[in-house]
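Reading the structure
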Amino acid sequence: MNKISRRELIYGGVAATAGAAGLATAERMAKRYGLIPPDGSGIYGPGETLTYACQRILTTCTPAREFPRSMISKNPFANEIAPPTDEFKRMQAAGFKEWRLVVDGTVARPLVLSLSDLKTMPMRSQITEVACEEGWSYIAEWIGTPLSSVLREAVLLPATRYIVYYAVEKSLWGSIDMTDAMDPHTLLTMGMNDGDLPVPFGGPLRLRVPRQLGYKSLKFVTHITATDNIKKFGKGLGSVDPEYGYSWYAGI
Ligand SMILES: Nc1nc2c(c(=O)[nH]1)N[C@H]1C(S)=C(S)[C@@H](COP(=O)(O)O)O[C@H]1N2
Ligand SMILES: [Mo]
């Protein structure tokens, strides 16, 4: 189901059963339970808050949808992006041996991990869908270590509320809440189908967030920062996406 139809469904359902007064109550409840997304102010703020709060209340325990092997897409579509930096190309030529993932912020044990370090952590494989907000999608097998295992290794401080992640081009970044961060399906992905994760699909390291639209699954991840205060990052909206009119929370 795409973002719009799901949002309309939830809106429609909430509005039909509860009416306008109910919407106000839902918003009050969202505030009471701290379910205000980072982009929950401004003109679209109440809509963003309702979508996020409804999904967190209704679907927190719903796992990401997994598919049988027979449904893996024969020709997955890589949304080719401008090739990353010269530094990236140099590391690619050297087989990504120098690739590092920095983990810092509100953690007791900051980490710097190579790809081989990551491969010694618990590995998991899952067949899930990438769905772009522009309407196309594909299914693939993704292999990697859950973000949660890396976060456990780094020992999160209790105040942590969001995990911020950056691509090799630091201008590209996103964040997720702790529900998605600790979900075992949220995967630091190093393999796809039968091999290493190809560069067009985000290799050598991509954060797959299968409970949200494709744009939350950032390619070329080099840095993860745990934080208790998302307002300190960028324009304070939780990722670059809301700065361009996309929702911070893009649940599917
Ligand atoms: N670093 C980086 N990650 C990115 C993007 C990007 O441009 N740069 N595009 C996003 C968008 S909009 C989508 S829909 C998916 C596309 O994933 P795919 O290329 O595997 O189809 O990657 C996401 N991750
Ligand atoms: Mo996308």
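This section reports on the structure supplied with the text.

Conventions we followed
- Residues numbered from 1 in each chain as written.
- Chains lettered and ligands numbered in written order.
- Predicted model: local features only at pLDDT ≥ 70, side-chain atom pairs only at ≥ 80, totals over all residues.
- Heavy atoms only, no water.
- Near = heavy atom within 4 Å.
- Polar contact = N/O pair within 3.5 Å; in protein donor to acceptor, adjacent residues only side chain to side chain.
- 1 Å grid on protein atoms, 1.4 Å probe; cavity = no way out; pocket = protein on both sides within 12 Å on 5 of 7 lines; lining within 4 Å.
- Sits in = over half its atoms within 2 Å of the grid points.
- Nonpolar A, V, L, I, M, F, W, Y, C, P; charged D, E, K, R; others polar.
- Phe/Tyr/Trp six-rings, centres within 6.5 Å; stacked < 30°, edge-to-face > 60°.
- Helix = DSSP H or I, 4+ residues; strand = E, 2+ residues; numbered from the N terminus.
- Buried < 20%, exposed > 50% of the residue type's maximum accessible area, 1.4 Å probe, protein only.
- Points joined across faces, edges and corners; volume = space filled by probe spheres on them.
- Contact = heavy atoms within 4.5 Å.
- Pairing = 2+ DSSP bridges.
- Axes fitted to C-alpha atoms, helices over the stretch in contact; angles between N-to-C directions.

Section: the site of ligand 1
The full set close to ligand 1 counts 20 residues, and Phe77, Asn79, Tyr138, Arg206 and Lys219 are the nearest of them. A distance of 2.7 Å separates an oxygen atom of ligand 1 from a polar atom in the backbone of phenylalanine 77. Within the contact set of ligand 1, an oxygen atom lies 2.5 Å away from a side-chain nitrogen or oxygen of lysine 219. The pocket occupied by ligand 1, as judged from atoms lying within 2 Å of grid points, is the largest pocket. Its residues assigned to classes, the shell around ligand 1 shows 14 nonpolar, three polar and three charged.

Topic: the packing of aromatic side chains
To describe a pair of aromatic rings, one takes the distance between the centres and the angle between the planes. In total, this model carries 14 aromatic pairs according to the counting rule given. Ring geometry for tyrosine 138 and phenylalanine 201: centres 5.8 Å apart, planes at 70°, overall edge-to-face. With a gap of 63 residues between them, tyrosine 138 in strand E4 (residues 137–146) and phenylalanine 201 in the loop between strand E8 (195–196) and strand E9 (206–208) connect regions that are remote in the sequence. Side by side, tyrosine 138 and phenylalanine 201 carry an identical accessibility label, which is buried.

A closer look at the layout of surface pockets
When its volume is computed, the largest pocket comes out at roughly 660 Å³. If you trace the largest pocket, you find 30 residues lining it, with Asn79, Ile81, Gly214, Tyr215 and Leu218 closest to the centre. At the level of elements, strand E5 (162–167) and strand E6 (173–177) are the ones that each hand at least two residues to the lining of the largest pocket. Of the residues assigned to the lining of the largest pocket, the class counts are 19 nonpolar, four polar and seven charged.

Some remarks on the environment of tyrosine 165
Relative to the helices and strands, tyrosine 165 is located in strand E5. Sequence spacing of tyrosine 165 and valine 103 is 62 residues, and the spatial spacing of their C-alpha atoms is 9.3 Å. Look past the residues within four positions of tyrosine 165 in its chain and what remains in contact with it is Leu172, Trp173, Gly174, Ser175, Ile176, Leu207, Val209, Lys216, Leu218, His223 and Ile224. A polar side-chain atom of tyrosine 165 sits 2.7 Å from the main-chain carbonyl oxygen of lysine 216.

Here's the deal with the sheet that holds E5
Backbone hydrogen bonds are what pair the strands of a sheet, in a parallel or an antiparallel way. The strand order E2-E1-E10-E5-E6 describes an open sheet built from five strands, whose pairing is mixed. In this open sheet, the two edge strands, each paired with only one partner strand, are strand E2 (111–114) and E6. On average, adjacent strands in this sheet sit at an angle of 20° to one another, irrespective of strand direction. As defined by bridge partners, strand E1 (residues 100–105) adjoins E2 across four bridges and the pair is classed as antiparallel. Within E2, the position partnered with leucine 101 by the bridge is leucine 113. In the packing of helix H5 (residues 147–154) onto the sheet, contacts are made with E1, E2, E5, E6 and strand E10 (221–227), and the angle to E2 comes to roughly 135°.

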